[in-house]
There are 2 protein chains.
Amino acid sequence: MAAITALVHGLGNIGANVIHSLENAPDMECLGVVRGPASLGTKTAELRGLPEFGSLEALVQAKGKPQVAIICGPSRLAPEEARRYLAAGLHTVDSFDIHSEIPRVVDDLGAEAVRAGRSAVVAAGWDPGSDSVLRALFEAMTPVGATFTNFGRGRSMGHSVAARAIAGVADAVSITIPLGGGRHARLVYILPQAGAGQEAIRAALGADAYFSHDPLEVRFVDSPEELAAAADNSHGVLLERLGASGRASNQRLSFDMRIDNPALTAQVMVAAARAAARLAPGCYTMIDIPPVALLPGDRMRHIARLV
Amino acid sequence: MAAITALVHGLGNIGANVIHSLENAPDMECLGVVRGPASLGTKTAELRGLPEFGSLEALVQAKGKPQVAIICGPSRLAPEEARRYLAAGLHTVDSFDIHSEIPRVVDDLGAEAVRAGRSAVVAAGWDPGSDSVLRALFEAMTPVGATFTNFGRGRSMGHSVAARAIAGVADAVSITIPLGGGRHARLVYILPQAGAGQEAIRAALGADAYFSHDPLEVRFVDSPEELAAAADNSHGVLLERLGASGRASNQRLSFDMRIDNPALTAQVMVAAARAAARLAPGCYTMIDIPPVALLPGDRMRHIARLV
């Protein structure tokens, strides 16, 4: 069986991990990496010998057209990149994580995907992503009840970016600490700019929409090294549901995972890329995909092993 | 939107619970129960006011043809019943649980379902069923690793039936006790027939294929009441996976549930019946079904809520 060919768009933390997951996928082949022209030639160790290109066109000219684009750039830009790759005739996968905008993106990319005769998988990471599958399955099992998603302890990319945008902040790392019941505290390490006042930063952070609803602790550090020491990739979630199946209450479901965050995001994207190459044209989230389509090889073998 | 119409085939523990789950489903309607002519008129409280019929034909004549048959008879008979309902133009759902035979049944019913232009969902319970979905998802998240499925503590229907078949046994209840690492012990309560020897029963049980591979403890009881007191519906599973995503080892996933066993089986069957009414003709296991198809109502609403 011919391998599913892929390109990796972007070579940040996620892109590098996608390369690792593609190396281990028995049914997939990475043709190369597409990066902004300004970054070409940097971080070449992450490429692990793969060729890099400044554009899709350059990659296609050198290697032929891949089937799937795995989009690993900033989340905010992913829908536009996906639209561009779909129009060029590739399936796409992203881990777009702005929950409130996902339905609109699914609608928009769905129209483009059908027009192009290709598949787009949106929001394929772990939350949104595999956690979404679990929330859907838990509701099917216990239609009446309540689900709590407890994140952490681990670094939140979104909150770290928000903290970095505060005036006087040179760099920041925000750690999410679960308090139970789906509530969280934020522990934010701040490297201030020279001369910036700690109280002003603390006040601005506390007023920011990313932080104003949760208990907040701010710790100021003196050096980039001290900040980096707080920024490892460990993360996790405890997803709990208590509800009823029919007339039976006290149905207790929980999913607990402790993981390397970008490695899991990347692995889910690679599984979704496999599904994208198999699915009918359209736009999919992880809850729209038959789980067996995420796995390499023969469906009936998986039924025999896993069902 | 018109409700999805269903019939319930069989009125044992699962059938009664399916009736409860259908009552709570906002998008489904139960037209009646089909039972063997010999059982008509018994256990009428379980019917909760629904009409009962001795055959599909009698139900169709009185109520019109339902879209889906939810097959709650003995597992061994489910594939033949499904074939019969498919041929009559109904979608079908069963919780067939003989793991080793599932691929063959999927093949057989798949051909029949395509011929009939209907959908059959096979092995829709919790194991096989929702646990199967979790095993598939866990593999997609960590392709290299090992999964342990630890059942119990709870009553095993299959092992209880096997124990009842031993010479000298009047009735039996087999409890599964998890020992970790996917291994289990069996605690079997036996009500012996009058005059039967305990040592002969113990020896026959220990030699039976259902029990010979696991640590076994046999407890003899003196009355049906004493046996019934050991036979509640509590059950559960701890599904654990330790593996790697890409180059990141130590990815730890676990799913823990504590549930009323027939209530969860029935609820998964009702969710699968909803999916059967929506899917293209063919035979499906739970890992073949997009999770969103298990939920009532609008897909985009679920994407907004759950993804």
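Up top is the structure.
Here is a short report on the structure shown in this document. Small disclaimer: the values here were computed from a predicted structure and weren't measured. (Residues numbered from 1 in each chain as written. Chains lettered and ligands numbered in written order. Predicted model: local features only at pLDDT ≥ 70, side-chain atom pairs only at ≥ 80, totals over all residues. Heavy atoms only, no water.)

**Considering the packing of aromatic side chains**
Under the counting rule described, the total for this entry stands at four aromatic pairs over all chains. Ring geometry for Phe255 of chain A versus Phe138 of chain B: centroids 5.7 Å apart, planes at 45°, classification tilted. With Phe255 of chain A in strand β13 (residues 248-260) and Phe138 of chain B in helix α5 (residues 130-141), this pair bridges two chains. The exposure classification of Phe255 of chain A matches that of Phe138 of chain B, with both residues buried. Cation over ring: Arg84 of chain A sits above Tyr85 of chain A, and NZ or CZ is 5.0 Å from the ring centre. (Phe/Tyr/Trp six-rings, centres within 6.5 Å; stacked < 30°, edge-to-face > 60°. Helix = DSSP H or I, 4+ residues; strand = E, 2+ residues; numbered from the N terminus. Buried < 20%, exposed > 50% of the residue type's maximum accessible area, 1.4 Å probe, protein only. Lys NZ or Arg CZ within 6 Å of the ring centre and 35° of its normal.)

**Structural notes on the side chain of Arg155 of chain A**
Residues and elements named next belong to chain A. When you line up the elements, Arg155 lands in strand β8 (residues 154-155). Buried charged residue Arg155 carries no salt bridge. Nearest counter-charge: Asp232, at 6.3 Å. Looking at Arg155, its side chain comes within polar contact range of the main-chain oxygen of Asp232, at 3.5 Å. In contact with Arg155, not counting residues within four places along its chain, are Ser160, Val173, Ser174, Ile175, Ala231, Asp232, Asn233, Ser234, His235 and Asn261. (Lys, Arg positive; Asp, Glu negative; His and termini not counted. Salt bridge = Lys/Arg side-chain N within 4 Å of Asp/Glu carboxyl O. Polar contact = N/O pair within 3.5 Å; in protein donor to acceptor, adjacent residues only side chain to side chain. Contact = heavy atoms within 4.5 Å.)

**As for the interface of chain A and chain B**
At the junction of the two partners, chain A supplies 63 residues and chain B supplies 63 residues. Summed over both sides, the interface between chain A and chain B buries roughly 5,300 Å², with carbon and sulfur atoms accounting for 65% of that surface. Looking only at chain A, the three residues that lose the most surface to chain B are Ile287, Leu306 and Val307 of chain A, adding up to 13% of its buried area. At the surface where chain A touches chain B, the tally comes to four salt bridges. When the shortest N-O distance is used, the salt bridge between Asp288 of chain B and Arg299 of chain A registers 2.9 Å. Our enumeration of links across chain A and chain B arrives at 22 residue pairs in polar contact (both at pLDDT 80 or more). Sorting the residues of the side of chain A that touches chain B by element identifies α1 (13-24), α4 (102-116), α5 (130-141), β13, α9 (261-278), β14 (282-284) and α10 (299-306) of chain A as the ones contributing at least two each. Per-element accounting of the side of chain A that touches chain B gives the leading share, 12 residues, to β13 of chain A. (Buried area = accessible area lost by both parts, 1.4 Å probe.)

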